[in-house]
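Fold and geometry: a report
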Amino acid sequence: MTDSPIEALDLLDTDYADILGNSSLASFELQLVKFGVDLASARTNTNLIALMQHKPETQEEWESLTAAWEEACGYKPSDEHFQLLSQLIWDDR
């Protein structure tokens, strides 16, 4: 057998297990790591992408999305950002 079924990602077993057990989109997060994104940034970006998959319905969901956006992008989103997200992602579902 020449091809290994497990891809070498240069991760500790505990880091790999953390991604599998705690990531909201583990396969996406692993792909980010594979492409050289550090673990913390991969988790931050994965969290934002996961929260953007559906339009928040509660105040708590909006606050979580806003906090994730601010952490990933470095600035607080404006109402215009959310309107654009709504038009591009959420309204067609």
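These lines cover the structure that appears in this document, whether it is placed above or below. (Residues numbered from 1 in each chain as written. Predicted model: local features only at pLDDT ≥ 70, side-chain atom pairs only at ≥ 80, totals over all residues. Heavy atoms only, no water.)

1. Re the side chain of Ser-86
Operational definition: Every helix listed is a DSSP run of H or I at least four residues long, and every strand listed is a run of E at least two residues long, numbered separately from the N terminus. To sort residues, take the accessible area from a 1.4 Å probe on protein chains only and compare it with the maximum for the residue type: under 20% means buried, over 50% means exposed, and anything in between is partly exposed. Here, residues are in contact when the closest pair of their heavy atoms is within 4.5 Å.
Its place among the elements puts Ser-86 in helix α5 (residues 79-90). Classification of Ser-86 as buried rests on a relative accessible area of 10%. Ignoring anything within four residues of it in the chain, the contact list for Ser-86 reads Lys-55 and Asp-91.

2. Re the pattern of salt bridges
To keep it simple, the criterion reads: For salt bridges, the criterion is a side-chain nitrogen of Lys or Arg within 4 Å of an Asp or Glu carboxyl oxygen.
Taken as a whole and judged by the stated rule, the model has two salt bridges. One salt bridge connects Asp-18 with Arg-43, and the closest N-O pair in it is separated by 3.0 Å. Of this pair, Asp-18 sits in helix α1 (residues 13-22) while Arg-43 is found in helix α3 (residues 39-51), placing the two residues 25 residues apart along the sequence. Asp-18 sits in the partly exposed class, given a relative accessible area of 31%.

3. Points about helix α2 (residues 26-34)
Selection criterion: What the arc describes is the spread of directions from the helix axis to the C-beta atoms.
Within α2 the residues assigned to the buried category are Ala-26, Glu-29, Leu-30, Leu-32 and Val-33. Along the axis of α2, the buried residues cluster in a sector spanning 155°; they form a single face. Buried residues along α2 sit in contact with α1 and α3. Gly-36 sits one or two residues past α2 and shows a positive phi near 100°.

4. A closer look at the nonpolar core
To keep it simple, the criterion reads: For the purposes of this section, nonpolar cores are sets of buried Ala, Val, Leu, Ile, Met, Phe, Trp, Tyr and Cys residues that join through side-chain atoms within 4.5 Å.
Among the nonpolar cores identified, the biggest contains eight residues, and these are Leu-48, Met-52, Leu-65, Ala-68, Trp-69, Phe-82, Leu-85 and Trp-90. For this core, the secondary structure elements donating two or more residues are α4 (59-73) and α5. In contact with Leu-85, not counting residues within four places along its chain, are Met-52, Trp-69 and Trp-90. Leu-9, Ile-19, Ala-26 and Leu-30 belong to the second-largest nonpolar core, a separate cluster that totals seven residues.

5. A short note on the packing of aromatic side chains
Our working definition: Whether two aromatic rings pair depends on their centres lying within 6.5 Å, for rings of Phe, Tyr and Trp, where Trp uses its six-membered ring; planes under 30 degrees apart make the pair stacked, over 60 edge-to-face, and the rest tilted.
According to the stated counting rule, one finds four aromatic pairs in the structure shown. Between Trp-62 and Phe-82 the ring centres are 5.1 Å apart and the planes differ by 75°, which places this aromatic pair in the edge-to-face class. Of the two residues, Trp-62 sits in helix α4 while Phe-82 sits in helix α5, which places them 20 residues apart along the sequence. The exposure class of Trp-62 is partly exposed, given its relative accessible area of 24%. Among the aromatic residues, those joined into a ring-pair cluster are Trp-62, Trp-69, Tyr-75, Phe-82 and Trp-90.

6. Some remarks on the environment of Phe-82
For Phe-82, a relative accessible area of 12% puts it in the buried group. The residues contacting Phe-82, other than those within four sequence positions of it, are Trp-62, Leu-65, Thr-66, Pro-77 and Trp-90.

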